[in-house]
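# Topology and contacts: notes
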Amino acid sequence: MAFELPALPYDYEALQPYMSKETLEYHHDKHHKAYVDNGNKLAAEAGMGDLSVEEVVKQSFGKNAGLFNNAAQHYNHIHFWKWMKKGGGGNKLPGALQKAVDSDLGGYDKFKADFIAAGTTQFGSGWAWVSVKDGKLAISKTPNGENPLVHGASPILGVDVWEHSYYIDYRNARPKYLEAFVDSLINWDHVLELYEKAK
């Protein structure tokens, strides 16, 4: 199953002023495309060209760094685009998700503070996550392209803290970007969809 660059699920202006057209053009059309192109080449060389992206991520982790980095970043970005929408974010979560956030993460305000803290304190490039692990929600952070799939968990929400995700719009103010992501961009419907699958 060759990796393919998905189209954005909205137009390039849709997420303004929280994420600019210029950021999406660079991030999607150049950075994500490079992960797809390099990932396909490296997966074919490793004899994994027929595997799903999830399988390539799991099988290459700790064994083939070049392939893992590109495949994991492809997986992360497939979802990253869907984790955002125009008019998203805020504390109006679908019922089942709200219940899990309340019981596992201490409620919305604590989730928001802990998720932003995870993204802010990830040194260098990486991601902050909410995942389902052993039936419960957990917040974590990972370096570079690493994701919860390789730690026995199913990611249901992630935010990219590589500088290419925010530098054009926020310069070095990563916490401000993370706040905008949580308050104004999260597509809770995609989070719910992944949560229901993960359970």
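Please read all numbers here as calculations on a predicted model, not as lab measurements.

Cut-offs applied
- Residues numbered from 1 in each chain as written.
- Predicted model: local features only at pLDDT ≥ 70, side-chain atom pairs only at ≥ 80, totals over all residues.
- Heavy atoms only, no water.
- Helix = DSSP H or I, 4+ residues; strand = E, 2+ residues; numbered from the N terminus.
- Rg over C-alpha atoms; globule rule 2.2 N^0.38 Å.
- 1 Å grid on protein atoms, 1.4 Å probe; cavity = no way out; pocket = protein on both sides within 12 Å on 5 of 7 lines; lining within 4 Å.
- Points joined across faces, edges and corners; volume = space filled by probe spheres on them.
- Nonpolar A, V, L, I, M, F, W, Y, C, P; charged D, E, K, R; others polar.
- Domains from an automatic or database assignment.
- Axes fitted to C-alpha atoms, helices over the stretch in contact; angles between N-to-C directions.
- Parallel < 35°, antiparallel > 145°, perpendicular 65-115°, else oblique.
- Left-handed = near helix turned anticlockwise from the far one by under 90°.
- Contact = heavy atoms within 4.5 Å.
- Salt bridge = Lys/Arg side-chain N within 4 Å of Asp/Glu carboxyl O.
- Buried < 20%, exposed > 50% of the residue type's maximum accessible area, 1.4 Å probe, protein only.
- Polar contact = N/O pair within 3.5 Å; in protein donor to acceptor, adjacent residues only side chain to side chain.
- Pairing = 2+ DSSP bridges.
- Buried area = accessible area lost by both parts, 1.4 Å probe.

For the rest of this paragraph, the subject is the overall build of the protein. From N to C terminus, the protein includes eight helices and three strands. Ordered by position in the sequence, the α and β elements of the protein form the string α-α-α-α-α-β-β-β-α-α-α. A globule of 199 residues ought to have a C-alpha radius of gyration of about 16 Å, and the protein, at 16 Å, matches this closely. Oriented by its inertia axes, the alpha-carbon framework of the protein measures out at about 45 × 40 × 30 Å.

For the rest of this paragraph, the subject is the layout of surface pockets. Summary: where empty space remains is shown by rolling a probe the size of a single water molecule over the atoms. Here the largest pocket is characterised by a volume of approximately 240 Å³. In terms of lining, the largest pocket is formed by 14 residues, of which the most central are E54, Y75, H79, L149 and L194. Where the lining of the largest pocket is concerned, the elements lending two or more residues are α2 (53-60), α3 (65-82), β3 (154-160) and α8 (188-198). Looking at side-chain class alone, the lining of the largest pocket contains eight nonpolar, three polar and three charged residues. Split by domain, the lining of the largest pocket shows at least three residues from each of two domains, domain 1 (19-81) and domain 2 (93-196).

Where helix α1 (residues 21-45) meets α3, the axes come as close as 8 Å, and the angle between the chain directions of the two elements is 140 degrees. If you check the angle between α1 and α3, you find them oblique. Considering only the axes of α1 and α3, their crossing is left-handed. Along the contact surface, α1 presents L24, H27, H28, H32, A34, Y35, V36, N38, G39, L42 and A43, while α3 presents G66, L67, N70, Q73, H74, H77, I78, F80 and W81. Grouping the amino acids of the contact of α1 with α3 by side-chain chemistry returns 10 nonpolar, 10 polar and no charged.

Tallied over the full model, the rule gives eight salt bridges. Where E13 meets K21, a salt bridge forms, and the shortest distance between an N and an O atom there is 3.7 Å. Taking the shortest distance from any N to any O, the salt bridge between K21 and E25 comes out at 3.9 Å. Linking K21 with E25, this pair stays in helix α1, spanning four residues, or about one helical turn. The class for K21 is partly exposed, based on a relative accessible area of 33%.

The topology assignment puts N70 in helix α3. With relative accessibility at 12%, the residue N70 sits in the buried group. A distance of 2.9 Å separates the side chain of N70 from the backbone oxygen of G66, its partner in a polar contact. Contact partners of N70, with chain neighbours within four places excluded, come to A34, Y35, N38, G39 and L42.

So, on to the sheet that holds strand β1 (residues 126-133). One open sheet accounts for three strands, arranged β2-β1-β3; its pairing is antiparallel. Looking along the sheet, the strands with just one partner apiece sit at the ends: β2 (136-143) and β3. Between one strand and the next, the sheet's axes are offset by a mean angle of 20 degrees, whatever the strand orientation. In this structure, β1 lies alongside β3, joined through six bridges in antiparallel fashion. Across the sheet, residue V130 finds its bridge partner in β3, namely L157. Packed on one face of the sheet, helix α5 (residues 108-121) meets β1, β2 and β3 and runs near 20 degrees to β2.

Turning our attention to the domain arrangement of the protein. When its domains are assigned, the protein resolves into domain 1 (19-81) and domain 2 (93-196). The centre of domain 1, based on its C-alpha atoms, is set 19 Å off from the matching centre of domain 2. Contact with domain 1, which involves 20 residues of that partner, is made by 22 residues of domain 2. Between domain 1 and domain 2 the total buried area reaches about 1800 Å² when both faces are included, carbon and sulfur atoms providing 65% of it. The largest contributions to the domain 1 side of the interface with domain 2 come from M19, N76 and F80, which together make up 27% of the buried area. If you look at where domain 1 meets domain 2, you find zero salt bridges. Our enumeration of links across domain 1 and domain 2 arrives at 10 residue pairs in polar contact (both at pLDDT 80 or more). Sorting the residues of the side of domain 1 that touches domain 2 by element identifies α1, α2 and α3 as the ones contributing at least two each. For the side of domain 1 that touches domain 2, the element with the most residues is α3, which contributes eight residues.

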